[in-house]
Amino acid sequence: MAKRSAPEVNAGSMADIAFLLLIFFLVTTDIATDSGLSRKLPPWEPDDKEEKVQIKEKNIFALTLNSNNQILLTAKGDSEVIAIKDLRARAFQFLDNGGGQGEDACKRCKGNRDPKSSDNFKKAVISLANDRLTDYKTYITVQNEIIAAYNDIRNREFKKDYPSLEMNFVEATDMYQDPITDPKLKESLKEKLEAIKEAVPQLFSEAEAKRD
Amino acid sequence: MSKFKKKKDGGLPPISTASLPDIVFMLLFFFMVATVIKEDNLKIQNQLPKANQIEKLDKKKPISYIYIGKPSSNYIDTYGTEDRIQLNDKLQSVEQVQAFIAAERAALAEELIPTLTVSLKVDRDAKMGVLTDVKQELRKTNALKINYTTKKGDAVTN
């Protein structure tokens, strides 16, 4: 007698089950946003120990955000309210000015060499003060634009120093952080990135928010 | 003449749905792999702002999350409408930030403690006041690596 074949299982409801699971995962999914603006806070120092560092006024690019989310820029001994879209260009111009003379002279800078503005990359400081009632989104935009200005300069310097790599500073950083990148390449990238960071440091200072 | 009409030959054959489960399973696996089950149940509004100069956070290094925002509509009666801080799944006061960081550190291997990054997930409509206080507390407890977690997008249109 021929062997009786096993009865076929009806797989028609398989799709329904899979759909049910699919919908469950769709609903519970929250694709994680784990990227953002990385910053380093200054270490805490008790008030009496705090040293007063003297910085020349021309090397400070002071931004103040008020409770109406307006931006006040104090530089070159002058204060004015600026629009957020101009901030990046203004910060870039300030950083790239290179007005220093003698040992403060800036070889890398390509700016206007205005003696009233910053000496060189290592002297130029951007400071940011905000009110307690400033909106977070304005603050983030300002932070973003400041980082963008630094990245613009670092990109330019990176391309100038390492033209053979055919990428800019931001792309090189991404590549360095990518786990797929070859360790040897990582090592050489790290060296170059550190060199650029050394040449164009992010000197960013944040004052405590004003008490209201 | 037959009693029953014959089926018309010109009709389209039925589409086979045999591969439908395969397609659905494929989607299912995608979502299962891409899903990160929410760690914290948020009691506050948390619409992140946009920025474009962003860096990815290294998942291998420890990350602690601090959420700031107005209580969401269900909790307005209990917590009011001022910006609040959420640590783990409770709304806490500023003073508890230091204890929170200490607890996060206690759960880590010693060599990883200096690499701890604090991810600040702050609602885009929050005010800076509470965030400033949190930053002061973080400085006091020496948790200096922070990340303003944002979405990718054009910052100027925030």
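What you see is a predicted model, and the numbers here were worked out from it, not measured in a lab.

*Asks:* What exactly am I supposed to notice about the overall build of chain B here?
*Replies:* When helices and strands are counted, chain B shows four helices and eight strands. If you list the helices and strands of chain B from N to C, you get α-β-β-β-α-β-β-α-β-α-β-β. Taken against the 2.2 N^0.38 rule, which gives 15 Å for 158 residues, the C-alpha radius of gyration of chain B at 26 Å runs more than 25% over that of a compact globule. The dimensions of chain B, computed from C-alpha atoms along their principal axes, are 95 × 40 × 35 Å.

*Asks:* Help me out: how do you make sense of helix α4 (residues 128–140) of chain B in this one?
*Replies:* All names here are of chain B. Between its first and last C-alpha, α4 extends 18 Å over 13 residues, near the 18 Å set by a 1.5 Å rise per residue. For α4, the full list of buried residues reads M128, L131, T132, V134, K135, E137 and L138. Immediately downstream of α4, the backbone of N142 shows phi near 65°, a positive value.

*Asks:* Before we go on, may I ask you to explain the sheet that holds strand β5 (residues 125–130) of chain A in this structure?
*Replies:* Each strand in a sheet pairs with another by means of backbone hydrogen bonds, the pair being arranged parallel or else antiparallel. All names here are of chain A. Taken together, five strands build an open sheet; the order of strands is β4-β3-β2-β5-β6 and the sheet is mixed. Among the strands making up the open sheet, the edge pair consists of β4 (78–82) and β6 (204–206). The average angle at which neighbouring strand axes cross in this sheet is 20°, direction not considered. Across three bridges, β5 lies against β6 in parallel orientation.

*Asks:* Looking at this model, I keep getting lost on the pairing of strand β3 (residues 71–75) of chain A. Mind explaining?
*Replies:* Working note: regular strand, side chains alternate between the two faces of the sheet. Residues and elements named next belong to chain A. With four bridges connecting them, strand β2 (residues 60–65) and β3 associate as antiparallel partners. In the strand pairing of β3, L65 is matched with I71. Between β2 and β3, which pair antiparallel and follow one another directly, the connecting turn spans five residues, one of which, N69, has a positive phi of 65°. The pairing of β3 with β4 spans five bridges and is antiparallel. Residue pairing for β4: T74 is matched across the bridge by S79. In this antiparallel pair of consecutive strands, β3 and β4, the connection spans two residues, and K76 shows a positive phi of 55°.

*Asks:* Just to check I follow, could you spell out the packing of helix α3 (residues 136–161) of chain A against helix α4 (residues 169–177) of chain A for this structure?
*Replies:* A pair of packed helices is characterised by two quantities: the angle between their axes and the separation of those axes. All names here are of chain A. With their axes 7 Å apart at the nearest point, α3 and α4 run at an angle of 85° to one another. Our classification of the angle between α3 and α4 gives roughly perpendicular. The segment α3 lies against α4, with N151, R154, N155 and F158 engaging F169, V170 and A172. Tallied by class, residues from the contact of α3 with α4 come to four nonpolar, two polar and one charged.

*Asks:* Where do I start with the interface of chain A and chain B in this structure?
*Replies:* For an interface, size is often stated in terms of accessible area lost upon the parts coming together. Taken together, the 48 residues of chain A in the interface contact 51 residues of chain B. When residues in the side of chain A that touches chain B are grouped by element, the largest group, 11 residues, is from α3 of chain A. Of the residues assigned to the side of chain A that touches chain B, the class counts are 24 nonpolar, 13 polar and 11 charged.

*Asks:* What is the right way to look at the nonpolar core in this model?
*Replies:* Most often, soluble globular proteins keep nonpolar side chains buried together rather than apart. In this structure, A91 of chain A together with I66, I68 and L131 of chain B are the most contacted members of the largest nonpolar core, which totals 54 residues. Top contributing element to this core by residue count: α3 of chain A, with 10 residues. Excluding anything up to four places from it in sequence, L131 of chain B contacts Y136 of chain A together with I68, L120, V122 and A126 of chain B.

*Asks:* How do you make sense of the confidence of the model for chain B when you look at a structure like this?
*Replies:* The predicted coordinates ought not to be read in detail in places where the model reports low pLDDT. Taken as a whole, chain B shows an average pLDDT of 85; of its residues, 91% reach a score of 70 or greater. Complex prediction metrics read pTM 0.79 and ipTM 0.76.

*Asks:* I tried to follow the pairing of strand β7 (residues 145–149) of chain B on my own but got confused; where do I start?
*Replies:* Counting buried positions along β7 of chain B yields four of five residues, so the element is predominantly enclosed. Two strands pair when backbone bridges link them, and strand β1 (residues 35–40) of chain A and β7 of chain B are joined in this way by five bridges, in the antiparallel orientation. In the sheet register, K40 of chain A faces β7 of chain B, and the bridge partner there is K145 of chain B. Of the strand pairs in this sheet, strand β6 (residues 117–122) of chain B and β7 of chain B are connected by three bridges, and their pairing is parallel. Within β7 of chain B, the position partnered with L120 of chain B by the bridge is Y148 of chain B. In terms of handedness, the path from β6 of chain B via α4 of chain B over to β7 of chain B forms a crossover that is right-handed.

*Asks:* Hey, could you run me through the sheet that holds strand β5 (residues 90–92) of chain B in this one?
*Replies:* Read across the sheet, seven strands follow the order β2(B)-β1(A)-β7(B)-β6(B)-β3(B)-β4(B)-β5(B) without closing on themselves; strand pairing throughout is mixed. Where the open sheet ends on each side, the last strands, each with one partner, are β2 (55–56) and β5 of chain B. As defined by bridge partners, β1 of chain A adjoins β2 of chain B across two bridges and the pair is classed as antiparallel. Its bridge partner lying in β2 of chain B, S35 of chain A is registered against K56 of chain B. Packing against the sheet, α3 of chain A makes contact with β1 of chain A together with β6 and β7 of chain B, and its axis sits at approximately 75° to β1 of chain A. Sheet strands touched by α4 of chain B: β3 (63–69), β4 (84–87), β6 and β7 of chain B. Its angle to β3 of chain B, the strand with the most contacts, is close to 155°.

*Asks:* Help me out: how do you make sense of the packing of α4 of chain A against helix α5 (residues 183–199) of chain A in this one?
*Replies:* Residue and element names in this part refer to chain A. Here α4 crosses α5 at 140°, and the two axes come no closer than 10 Å. In terms of axis orientation, α4 runs oblique to α5. For the element pair α4 and α5, the recorded crossing hand is left-handed. Here α4 contributes F169, A172, T173, M175 and Y176 to the contact with α5, which in turn contributes K186, L189, K190, K192, L193 and I196. Here the contact of α4 with α5 is built from residues that sort into seven nonpolar, one polar and three charged.

The rules behind each value
Counting from 1, residues in each chain are numbered in the order their sequence is written. Note on labels: chains are lettered from A, ligands numbered from 1, in written order. Local features in a predicted model are, by the rule used here, given only for residues with pLDDT of at least 70; side-chain atom pairs are given and counted only at 80 or more, and totals for whole chains, interfaces and linings are based on all residues. Here a helix means four or more residues in a row that DSSP labels H or I, a strand means two or more in a row labelled E, and each is numbered from the N terminus. We compute the radius of gyration over the C-alpha atoms and compare it with the globule rule, which gives 2.2 Å times the number of residues raised to the power 0.38. A helix is expected to span 1.5 Å multiplied by its residue count minus one. Any residue whose C-beta has 12 or fewer other C-beta atoms within 10 Å is treated as exposed, any with 20 or more as buried, and any in between as partly exposed, C-beta atoms being built from the backbone. For two strands to be treated as a pair, DSSP must find at least two bridges joining them. Only the stretch in contact is used when fitting a helix axis, every axis being a line fitted to C-alpha atoms; angles between N-to-C directions are given from 0 to 180 degrees. Working definition: roughly parallel below 35 degrees, roughly antiparallel above 145 degrees, roughly perpendicular at 65 to 115 degrees, and oblique for all remaining angles. Note on contacts: each residue gets a C-beta atom placed from the backbone, and two residues are in contact if those atoms are within 7 Å. Lys, Arg, Asp and Glu make up the charged group, whereas Ala, Val, Leu, Ile, Met, Phe, Trp, Tyr, Cys and Pro make up the nonpolar group; the residues left over, Gly among them, are polar. Nonpolar core, as used here: buried Ala, Val, Leu, Ile, Met, Phe, Trp, Tyr and Cys residues forming one set through C-beta atoms within 7 Å. The predictor attaches a confidence to each residue, and that confidence, scored 0 to 100, is pLDDT. Crossover handedness is defined by viewing with both strands directed away from the observer: a clockwise path from the first strand over the helix to the second marks the crossover as right-handed. When the near helix sits turned anticlockwise from the far one by under a right angle, the crossing is termed left-handed; a clockwise turn instead gives a right-handed crossing.

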